[in-house]
Amino acid sequence: EAQVTQNPRYLITVTGKKLTVTCSQNMNHEYMSWYRQDPGLGLRQIYYSMNVEVTDKGDVPEGYKVSRKEKRNFPLILESPSPNQTSLYFCASSPHIGELFFGEGSRLTVL
Amino acid sequence: RKEVEQDPGPFNVPEGATVAFNCTYSNSASQSFFWYRQDCRKEPKLLMSVYSSGNEDGRFTAQLNRASQYISLLIRDSKLSDSATYLCVVNNDNGQNFVFGPGTRLSVLP
């Protein structure tokens, strides 16, 4: 089954404790991206990657890092989480120009 | 001004009603356009792409007016299962920069 898998789905952590949200896709898509969704603001792009070892900042990259060492994986790293990073995070993959396929989302709370 | 704007709703309509959603975008260089549907606490899923000539998929009709930078979605004979948030999405370049509107919430009532 074609899918995008994110883990963890739910996480409560404390300020400053590094965490990684994993994302994996099995559709051999070139393009992967991370979004955060906050009430009233819609989905905002954090980072995207056009292919292996190619990553670029989206609209709200501050406080986040990503890596793309393999085509299928695109982890999101919060080196020192802060409460303003409490949000619902979605990973997505896409063929070069086309439909975005989203993971089920990861709800992160930073205390 | 936000790059993609939508009526926030909520739209509360009875079953069988016709409902129309509007979306405007500010970047005249935008190249492709989509409507996504998002159920509560779920991930967005593509509803339909929007083509310059307009397109229809069953009860759903999407239209694009590039001159006015306006996109619409029409839902006819609405069903309870159409209750969701509808997201207008614009792609600004060669495929990497998707910009989402804040969404319009629809509740179809029995």
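Check the entry above for the structure.
The present account deals with the structure reproduced in this document. Keep in mind the model is a prediction, meaning the values are calculated, not measured.

### Remarks on the interface of chain B and chain A
No. 1: Listed by partner, the interface residues are 17 residues for chain B and 19 residues for chain A.
No. 2: Of the roughly 1,600 Å² buried at the junction of chain B and chain A (both faces included), carbon and sulfur atoms supply 56%.
No. 3: The largest share of the area that chain B buries against chain A comes from B:Gln96, B:Phe98 and B:Phe100, three residues that together contribute 35% of it.
No. 4: Seen at the junction of chain B and chain A, the total is 2 residue pairs in polar contact (both at pLDDT 80 or more).
No. 5: Looking at the side of chain B that touches chain A, the elements that each hand over two or more residues are strand E4 (32–38) and strand E10 (98–100) of chain B.
No. 6: Taken together, the residues that form the side of chain B that touches chain A break down as 7 nonpolar, 6 polar and 4 charged.

### Considering the pattern of salt bridges
Residues and elements named next belong to chain A.
No. 1: What the rule picks out here adds up to 9 salt bridges over all chains.
No. 2: For Glu79, the salt bridge identified is with Lys18, shortest N-O distance 3.9 Å. Remark: Lys18 occurs in the loop between strand E2 (10–13) and strand E3 (19–25) and Glu79 occurs in the loop between strand E8 (76–78) and strand E9 (87–94); sequence separation between them is 61 residues.
No. 3: For Lys18, a relative accessible area of 51% puts it in the exposed group.
No. 4: Salt bridges sharing partners connect three or more residues here, namely Lys18, Lys65 and Glu79.

### So, the sheet that holds E8(A)
All names here are of chain A.
No. 1: In space, the 4 strands of this open sheet follow the order E1-E3-E8-E7, with antiparallel pairing throughout. Two strands lie at the open edges of the sheet, namely strand E1 (4–7) and strand E7 (65–66), each paired on one side alone.
No. 2: Examined bridge by bridge, E7 and E8 share 2 bridges and lie antiparallel to one another. Residue Lys65 lies in a different strand from E8, and its bridge partner there is Ile77.

### A closer look at the sheet that holds strand E1 (residues 4–6) of chain B
Residue and element names in this part refer to chain B.
No. 1: Pairing within the open sheet is antiparallel, and its 5 strands lie in the order E1-E3-E8-E7-E6. Two strands bound the open sheet, and with one partner strand each, they are E1 and strand E6 (55–57). Taken pair by pair, the neighbouring strands of this sheet meet at an average axis angle of 15°, ignoring direction.

### Notes on the nonpolar core
Most often, soluble globular proteins keep nonpolar side chains buried together rather than apart.
No. 1: If you look at the biggest cluster of nonpolar residues, it comprises 24 residues, and the most contacted ones within it are B:Phe21, B:Trp35, B:Ile71, B:Leu73, B:Ile75, B:Tyr86 and B:Leu106.
No. 2: For this core, the secondary structure elements donating two or more residues are strand E3 (19–25), E4, strand E5 (45–50), strand E7 (60–65), strand E8 (70–75), strand E9 (84–91) and strand E11 (104–109) of chain B.
No. 3: If we ignore the near neighbours within four places in the chain, the residues touching B:Leu106 are B:Phe11, B:Val13, B:Val19, B:Phe21, B:Ile75, B:Asp82, B:Ser83, B:Ala84 and B:Tyr86.
No. 4: In terms of nonpolar packing, the next biggest core, distinct from the first, is built from 19 residues, A:Leu19, A:Met27, A:Tyr64 and A:Val110 among them.

### Some words on the layout of surface pockets
No. 1: Counted as a void, the largest pocket has a volume near 540 Å³.
No. 2: Elements with a minimum of two residues in the lining of the largest pocket: strand E4 (31–38), E9 and strand E11 (106–110) of chain A together with E9 of chain B.
No. 3: Per element, the largest residue contribution to the lining of the largest pocket is 3 residues, and it comes from E9(B).
No. 4: For the second largest pocket, the lining is made up of 19 residues, of which A:Ala2, A:Gln3, A:Val4, A:Phe102 and B:Glu43 are closest to its centre.
No. 5: Of all the secondary structure elements, the ones that give two or more residues to the lining of the second largest pocket are E1 and strand E10 (101–102) of chain A together with E5 of chain B.
No. 6: Take the lining of the second largest pocket: its biggest share by element is 4 residues, from E1(A).

Each value, and the rule that gives it
Residues numbered from 1 in each chain as written. Chains lettered and ligands numbered in written order. Predicted model: local features only at pLDDT ≥ 70, side-chain atom pairs only at ≥ 80, totals over all residues. Heavy atoms only, no water. Contact = heavy atoms within 4.5 Å. Buried area = accessible area lost by both parts, 1.4 Å probe. Polar contact = N/O pair within 3.5 Å; in protein donor to acceptor, adjacent residues only side chain to side chain. Helix = DSSP H or I, 4+ residues; strand = E, 2+ residues; numbered from the N terminus. Nonpolar A, V, L, I, M, F, W, Y, C, P; charged D, E, K, R; others polar. Salt bridge = Lys/Arg side-chain N within 4 Å of Asp/Glu carboxyl O. Buried < 20%, exposed > 50% of the residue type's maximum accessible area, 1.4 Å probe, protein only. Pairing = 2+ DSSP bridges. Axes fitted to C-alpha atoms, helices over the stretch in contact; angles between N-to-C directions. Core = buried A, V, L, I, M, F, W, Y, C linked by side-chain atoms within 4.5 Å. 1 Å grid on protein atoms, 1.4 Å probe; cavity = no way out; pocket = protein on both sides within 12 Å on 5 of 7 lines; lining within 4 Å. Points joined across faces, edges and corners; volume = space filled by probe spheres on them.

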